[in-house]
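Read off the chains here:
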Amino acid sequence: MFADLHLHTNFSDGTYTPEELVGHARRCQFSAIALTDHDTVEGCARAAAACVAAGIEFIPGSELTTEHGGNELHLLAYFVDTAHPRLLRETATFQAIRQNRIREMVARLNDLGIPLDANAVFRLANCQSPGRPHVARALVQATICSSLDEAFERFLKKGRPGWVPKTRMSAVDAIALIHEAGGLAVMAHPGLNRTDDVIPDLVAAGLDGIECFHTKHTTRIAERYLMMADKHHLLVTGGSDCHGMSKGRPLIGTVKLPYTHVQELKLRVSQKKSSTTNGPH
Ligand SMILES: [Zn+2]
Ligand SMILES: [Zn+2]
């Protein structure tokens, strides 16, 4: 039994609908999946319904864009209450920030003489949580760039003329928010960030787990973070970070997390719940 705990849909910058994603999960014979769209939990209801129909266990989640000490960090939230009022308020704020960032990126491109319309990006994104990949797709659609890679290289990568810095939530606050919403906080793809020195701070803030298995982690990197998980008593997760067809080929199926890790996550969630209900009041 295997799981994929890092998946995106068109509720952020993935290309699959929740139903299409679950269809792929079924073909890959996953026993459990988590949906982790950027800064939103909106796709979870549809993914959950599709998972029921497909006989797959569903874990509601999100991938929050955060920062610590000036470094961008992605935090995966698992088993959060998707109707939690503060979680919804905070994600709405971050979605508004994302939308403003798109307007600013388009304004910078316009200053360069590139005739792109922010509304065209929003129409194409068709979600509350648009991001740079949507700007890249709009540039390709408008035949200004011939590929997504070219769009990032010429305009959208950090330091390029269309790049706009992102306002992010502090990782420590995000961990507290995830806990308040009843979830577990997991550091996403640490091998991509190269910011291992922040891990002790995050552990002190209550980090629950670390994503050891990821499409872009080599075996050596995965082993490095398995050791780190052991050292800090962190749960181990993994996922493909599949964005559908946006990067040319779907990644779902490339990372197969043994289901025992899901059981450990569930155990931790239930322990937390019973400790808050039986806690000193
Ligand atoms: Zn990420
Ligand atoms: Zn992701």
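Conventions we followed
- Residues numbered from 1 in each chain as written.
- Chains lettered and ligands numbered in written order.
- Predicted model: local features only at pLDDT ≥ 70, side-chain atom pairs only at ≥ 80, totals over all residues.
- Heavy atoms only, no water.
- Core = buried A, V, L, I, M, F, W, Y, C linked by side-chain atoms within 4.5 Å.
- Buried < 20%, exposed > 50% of the residue type's maximum accessible area, 1.4 Å probe, protein only.
- Helix = DSSP H or I, 4+ residues; strand = E, 2+ residues; numbered from the N terminus.
- Contact = heavy atoms within 4.5 Å.
- Expected span 1.5 Å × (residues − 1).
- Donors = N, O, S within 2.8 Å, 3.2 Å for Na, K, Ca; no water.
- 1 Å grid on protein atoms, 1.4 Å probe; cavity = no way out; pocket = protein on both sides within 12 Å on 5 of 7 lines; lining within 4 Å.
- Points joined across faces, edges and corners; volume = space filled by probe spheres on them.
- Phe/Tyr/Trp six-rings, centres within 6.5 Å; stacked < 30°, edge-to-face > 60°.
- Lys NZ or Arg CZ within 6 Å of the ring centre and 35° of its normal.

(A) Representation of the nonpolar core. Grouped together as the largest cluster of nonpolar side chains are 46 residues, with contacts concentrated most on Ile33, Met187, Leu202, Leu207, Ile210 and Ile252. Counting residues per element, this core draws most heavily on helix α7 (residues 171-180), which supplies five residues. Contacts of Leu202, omitting those with residues within four sequence positions, involve His68, Leu73, Ala171, Ile175, Met187 and Leu207. Residues Ile114, Phe122, Val135 and Val164 belong to the second largest nonpolar core, which totals 18 residues.

(B) Layout of helix α3 (residues 85-111). Taking 1.5 Å as the rise per residue, α3 with 27 residues should run 39 Å; its terminal C-alpha atoms sit 39 Å apart, in good agreement. Those residues of α3 that sit buried are Leu87, Thr91, Phe94, Gln95, Arg98, Gln99, Arg101, Ile102, Met105, Val106 and Leu109. Residues of α3 that are buried make contact with β3 (57-68), α4 (118-125), α5 (132-141), α6 (148-156), β5 (169-170) and α7. Backbone geometry just downstream of α3 places Gly113 in the positive-phi region, at approximately 90°.

(C) Region of the structure containing the coordination of the zinc ion (ligand 2). Here the zinc ion (ligand 2) is held by the protein donor atoms His6 (NE2), His8 (NE2), Glu63 (OE) and Asp241 (OD), which lie 2.1 to 2.2 Å from it. In the primary structure, the donors to the zinc ion (ligand 2) are separated according to the pattern H-x1-H-x54-E-x177-D. The zinc ion (ligand 1) is placed at 3.6 Å from the zinc ion (ligand 2), the two being bridged by Glu63. Taken as a pair, Glu63 in strand β3 and Asp241 in the loop between β8 (235-239) and β9 (257-258) lie far apart in primary sequence, 178 residues in all. Accessibility classification places Glu63 together with Asp241 in one group, the buried group.

(D) Here's a closer look at empty space enclosed by the protein. Counted according to the given criterion, the structure contains two cavities of 30 Å³ or more. If one sorts the elements of the lining of the largest cavity by residue count, α3 sits on top with three residues. Of the pockets and cavities examined, the second largest cavity occupies roughly 40 Å³. For the second largest cavity, the full set of lining residues is Asp39, Thr65, Phe94, Ile97, Arg98, Lys166, Thr167 and Arg168. Looking at which element gives the most residues to the lining of the second largest cavity, the answer is α3, with three residues.

(E) Quick peek at the packing of aromatic side chains. With the rule as written, the count across this model stands at zero aromatic pairs. Lying across the ring of Tyr225, Arg224 places its NZ or CZ 5.7 Å from the centre. Its guanidinium or amino end placed over the ring of Phe30, Lys256 lies 5.9 Å from that ring's centre, counting from NZ or CZ.

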